[in-house]
Amino acid sequence: MKIGLFYGTTSAATQEVASLIQDNMPDCEIEIFDVYEEDLGKMSEFDRIIVGCPTWDIGLLQEDWRSKFGDLDSIDFSGKKIAYFGCGDQSIYSSSFLDALGILEEKISEKGGTTIGHWSTEGYGYDFSKAEKEGQFVGLAIDNDNQPELTEERVVAWCEKISEEFK
Ligand SMILES: Cc1cc2nc3c(=O)[nH]c(=O)nc-3n(C[C@H](O)[C@H](O)[C@H](O)COP(=O)(O)O)c2cc1C
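Since we're looking at a predicted model, the values are computed, not measured. (Residues numbered from 1 in each chain as written. Predicted model: local features only at pLDDT ≥ 70, side-chain atom pairs only at ≥ 80, totals over all residues.)

## Concerning helix α1 (residues 13–23)
Since the α-helix packs 3.6 residues into each turn, any two residues three or four apart lie on the same face. Buried residues of α1: A13, T14, V17, A18 and I21, and no others. Summarising the axial view, the buried residues of α1 lie within an arc of 140°, below the 170-degree limit, and thus occupy one face. Those residues of α1 that are buried lie in contact with β1 (2–7), β2 (29–34), β3 (48–52), β6 (81–87), β11 (140–142) and α4 (148–165). (Buried ≥ 20, exposed ≤ 12 C-beta atoms within 10 Å, placed from the backbone. Helix = DSSP H or I, 4+ residues; strand = E, 2+ residues; numbered from the N terminus. Arc of directions from axis to C-beta. Contact = placed C-beta atoms within 7 Å.)

## What about the environment of T14?
Following the sequence through the fold, T14 ends up in helix α1. On the basis of neighbour count, T14 is assigned to the buried category, with 23 C-beta atoms found within 10 Å. For the pair T14 and D99, spaced 85 residues apart in sequence, the C-alpha separation works out to 15 Å. For T14, the residues in contact, after removing those within four places along its chain, are Y7, G8, T9, G52, C53, P54 and C87.

What is shown is where atoms sit, not what they do.
The following block contains the structure:
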């Protein structure tokens with residue numbers, strides 16, 4: 001199964017999670033792209049996509065995603081399955097926890113993408129998140145700032161889930 005993983009990162013947490021995802025899906029051919037250096041048009045080449053974005057500057061997309069966000073408008077995501085993951089801090093940024101994930105999911109869904117890989121909000125404590133829709137997160141929620149000990153087990157469980165849902 002061929003998958004394109006597109007991530008942005010400022011302090012490397014999201015990049016590390018991207019590698020962990022790749023390690024945990026050995027049966028899939030995952031190509032990883034840092035949006036800092038890759039044109040988002042590349043997403044058109046994949047029917048299965050993983051999007052990774054941390055939230056920065058109180059509720060905003062990470063800066064590389066921010067500068068290319070408008071490019072998503074010219075991509076047709078219909079027929080494509082998209083899984084999302086994001087890094088954030090539920091303690092200090094409790095009112096904008098993982099907002100970037102929700103912002104990207106909304107835009108890509110408007111452009112026809114089908115979201116897979118929803119994730120339970122159980123085990124997290126925050127006031128508000130744009131990534132929470134209908135009682136669950138639109139994708140995998142990672143908080144390396146407060147719960148680094150849970151990251152690996154969350155990634156492992158999520159990879160099992162999306163491996164099925166991508167089929
Ligand atoms: C100035 C600043 C603003 C941040 N704003 C948010 C935020 O609004 N929501 C959130 O969930 N995390 C926020 N964070 C936490 C980062 O998303 C978190 O540290 C993440 O792991 C960074 O990922 P990266 O290393 O891939 O860039 C912020 C961190 C900093 C330093």
